[in-house]
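One letter stands for each residue in the lines below.
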There are 2 protein chains.
Amino acid sequence: MDYEIFDLGDFALQRGATLRDCKLAYKTFGTLSPAKDNVIVYPTWYSGQHYDNEWLVGEGMALDPSKYFIIIPNMLGNGLSSSPSNYPEPYNGPRFPQVTAYDNVKAQHRLITEKFGIEHIVMVVGWSMGALQTFHWGAMYPDMMDKLAPFCGSAKCSRHNFVFLEGVKAALTADAAWNNGWYDEKPAKGLRAAARVYAGWGFSQAFYRQKLDIETLGFSSLEDFLVAFWEGFFLPKDANNLLTMLWTWQNGDISDNELYGGDFEKALGAIKAKTFVMPGRTDLYFPPEDSENEVANMPNAEFRPIESVWGHFAGGPGTNPVDVKALDDMLKELLAA
Amino acid sequence: MDYEIFDLGDFALQRGATLRDCKLAYKTFGTLSPAKDNVIVYPTWYSGQHYDNEWLVGEGMALDPSKYFIIIPNMLGNGLSSSPSNYPEPYNGPRFPQVTAYDNVKAQHRLITEKFGIEHIVMVVGWSMGALQTFHWGAMYPDMMDKLAPFCGSAKCSRHNFVFLEGVKAALTADAAWNNGWYDEKPAKGLRAAARVYAGWGFSQAFYRQKLDIETLGFSSLEDFLVAFWEGFFLPKDANNLLTMLWTWQNGDISDNELYGGDFEKALGAIKAKTFVMPGRTDLYFPPEDSENEVANMPNAEFRPIESVWGHFAGGPGTNPVDVKALDDMLKELLAA
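Residues numbered from 1 in each chain as written. Chains lettered and ligands numbered in written order. Predicted model: local features only at pLDDT ≥ 70, side-chain atom pairs only at ≥ 80, totals over all residues. Heavy atoms only, no water.

*Asks:* Got a sec to walk through the side chain of Asn241(B)? Specific residues and values, please.
*Replies:* All names here are of chain B. Secondary-structure assignment places Asn241 in helix α8 (residues 239–250). Within polar-contact distance, the side chain of Asn241 engages the side chain of Ser85 at 2.9 Å. When residues no more than four places from it in sequence are discounted, the contact partners of Asn241 are Gly77, Asn78, Gly79, Ser83, Pro84 and Ser85. (Helix = DSSP H or I, 4+ residues; strand = E, 2+ residues; numbered from the N terminus. Polar contact = N/O pair within 3.5 Å; in protein donor to acceptor, adjacent residues only side chain to side chain. Contact = heavy atoms within 4.5 Å.)

Quick look at the structure:
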């Protein structure tokens, strides 16, 4: 096992359930300085696990473990932290409760303060749902960090993004083998269908027009890309885990809590950290227009799009080296600012 | 019955099968002039039937039946022309053969020449898959018409568009009730899933951001829009018909025939008619960039986008009166040119 577990004990969730003996899986890179002043928090993305974040960590990169103590907490529901697939009865499988991004960041805050005694964070950074958690960090603990670097994500799930996810969910759950989550064998047909639905959203029209699936990623045909990359991506994942995280995503909103009572602009305005909001220019479900709206309501934020035709994958997970370089350069600039 | 049937007899298809006693359903508006010089052809779109085209026909509009003889031919597979749902054994249901846009336009050409003795067309016009057929008319019979008006469509199914349709297909066919097309009762779960997948593609991010589903279309909530509009749209349609037309769409290419041997630019270059290529500015599966590429390869075409946030529905079916006006104005300009 290449990661650690933090026991959250009885963890009461925002929507009412309590996960008893709740586990938060995490991995760290680098060494916590004696002054505890070199911390970067880097949450995971939809279905991703900590090792899926490691492409952005390395010597000479912005997230340099020789300088920073980098903590990657796994999202609840992702199969490593407490999840439908690993949680004991009676909250197991499809009975796993609704978990919000707020819950996730509460859990991460406990890890950081209780386990490590950290009071200050240099930067929170994340891709996609990791960006959602990054925004939550900024709104829930506005005095705790210097910088925020959400990329290819949003502070609130947009209505269009919600609809896109409805399509993914409907495809997965159309498979009778899903059986309302009480499957013995995985609903492979539904997972494959969800993958094909996702394929059109993950990369941009220009990406497909330029045949980068073949020319750059090296797949032998479009169908090979759909099977080997997309179906291969979804098939190993647990359906209930995917649906739990999908719910977390659809209900993501930094203002949907006791701090802001649903006032989204107030929540954005409360974020004090210097922030680069970095959408992918051609991201189909986190379009740059939503980022511009966020920046307009944040006192200390800049709109810094990643100019790329790689759609959502402009931001990760390290798929395109050119975009990784652009992103890493912006992170260095933000850290130096 | 508000429409006519033209009997194509034994209709040999491009991909090898023959539809015996093949039927082409059509409806006409207006009166054919003695000189037979006032003809407009207006093919149908994915799953649409002739009455779904009528929103663009009317006194005082570009498609004015007091001036023009307007022929709306129903696409093969749409449930009125020969289709999986109405064709006799043995080519019924899932055995219905692969039909191309080339086949459709061949059939329409026979209707127009054999039934009506028409040798010249003023304009061919169509939305979406109707635009695909419009482009085919121009490439297959380049000396036969003065004008072409494809809107929110393309001359060839792009790779991204193909992937989007794979998602729709995968969602529909993930339902065990589909049973490889041998269903007795309709695969309602699959149809509903396909509808939810389609919902994110049909309208733009900005449409959903501006809540036009509620503010303009009058639905009571986003979920009401997904159920009442989208699922309500798909549920009455026959699954095999949808899959037949989906295949037609995915394999649409004006150059994939004996005339052009797959040379797409040559086929575009062969279109002589004065053409307005009119994409929706925010159409997610027929993005304007593809239209610009078409226009660049056509000798007599103009790029005339419909400036709208209604995505693919900028072009039809009459959903947004503002866009209908913009489109109708461009059609009047094209007809007058």
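*Asks:* Lay out the domain arrangement of chain A in plain terms, naming residues and giving numbers.
*Replies:* Residue and element names in this part refer to chain A. Domain assignment breaks chain A into domain 1 (4–158 + 253–336) and domain 2 (161–245). Its C-alpha centre places domain 1 at a distance of 23 Å from the equivalent point of domain 2. Domain 1 puts 28 residues into the contact, and the matching count from domain 2 is 30 residues. Looking only at domain 1, the three residues that lose the most surface to domain 2 are Tyr46, Leu284 and Tyr285, adding up to 28% of its buried area. For the interface between domain 1 and domain 2, the tally reads 0 salt bridges. (Domains from an automatic or database assignment. Buried area = accessible area lost by both parts, 1.4 Å probe. Salt bridge = Lys/Arg side-chain N within 4 Å of Asp/Glu carboxyl O.)

*Asks:* Can you explain the relation of the copies chain A and chain B? Please cite residues and give values.
*Replies:* By a simple turn and slide, chain A fits onto chain B: the slide is 0.0 Å along the axis, the RMSD is 0.0 Å, and the turn is 180 degrees. On the angle and the small slide along the axis, the relation comes out as a two-fold axis. Nearest to the rotation axis, the C-alpha of Ala171(A) is located 2.2 Å from it, this being the minimum over chain A. Here 100% of the contact residues of chain A are again contact residues in chain B; the copies associate through an equivalent surface. (Least-squares fit on C-alpha atoms with pLDDT ≥ 70 in both.)

*Asks:* Kindly report on helix α4 (residues 188–202) of chain B, identifying the contributing residues and their values.
*Replies:* Between its first and last C-alpha atoms α4(B) spans 20 Å; for 15 residues at 1.5 Å apiece the expected length is 21 Å, and the two agree. Counting buried positions over the 15 residues of α4(B) gives 12, a clear majority of the element. Residues of α4(B) that are buried make contact with α3 (159–173) and α4 (188–202) of chain A together with α3 (159–173), α5 (205–209), α7 (222–234) and α8 of chain B. (Expected span 1.5 Å × (residues − 1). Buried < 20%, exposed > 50% of the residue type's maximum accessible area, 1.4 Å probe, protein only.)

*Asks:* An account of the sheet that holds strand β2 (residues 18–29) of chain A is needed here, citing residue identities and associated values.
*Replies:* Residue and element names in this part refer to chain A. Strand order in this open sheet of 8 strands is β1-β2-β4-β3-β5-β6-β7-β8, and the pairing throughout is mixed. Each of the sheet's edge strands pairs with one partner strand only, and the pair in question is β1 (4–12) and β8 (301–303). This sheet shows a mean twist of 20 degrees between the axes of neighbouring strands, independent of strand direction. The pairing of β2 with strand β4 (residues 69–73) spans 4 bridges and is classified as antiparallel. (Pairing = 2+ DSSP bridges. Axes fitted to C-alpha atoms, helices over the stretch in contact; angles between N-to-C directions.)

*Asks:* Any details on the nonpolar core? Residues and values, ideally.
*Replies:* Counting 149 residues, the largest nonpolar core has Leu63(A), Trp230(A), Leu63(B) and Trp230(B) as its most contacted members. Discounting residues that sit within four places of it in the chain, Leu63(A) has contacts with Ile40(A), Tyr42(A), Leu56(A), Val57(A), Gly58(A), Ile70(A), Met123(A), Val125(A), Asp328(A) and Leu331(A). (Core = buried A, V, L, I, M, F, W, Y, C linked by side-chain atoms within 4.5 Å.)

*Asks:* Any details on the interface of chain A and chain B? Residues and values, ideally.
*Replies:* For an interface, size is often stated in terms of accessible area lost upon the parts coming together. Opposite the 33 residues of chain A that make contact, chain B presents 33 residues. Approximately 2900 Å² of surface area, both sides summed, lies buried where chain A meets chain B, with 65% of it carried by carbon and sulfur atoms. On the chain A side of the contact with chain B, Arg159(A), His160(A) and Val163(A) bury the most area, a combined 24% of that side's loss. There are 6 salt bridges connecting chain A and chain B. The salt bridge involving Arg209(B) is made with Asp290(A); its shortest N-O contact spans 2.7 Å.

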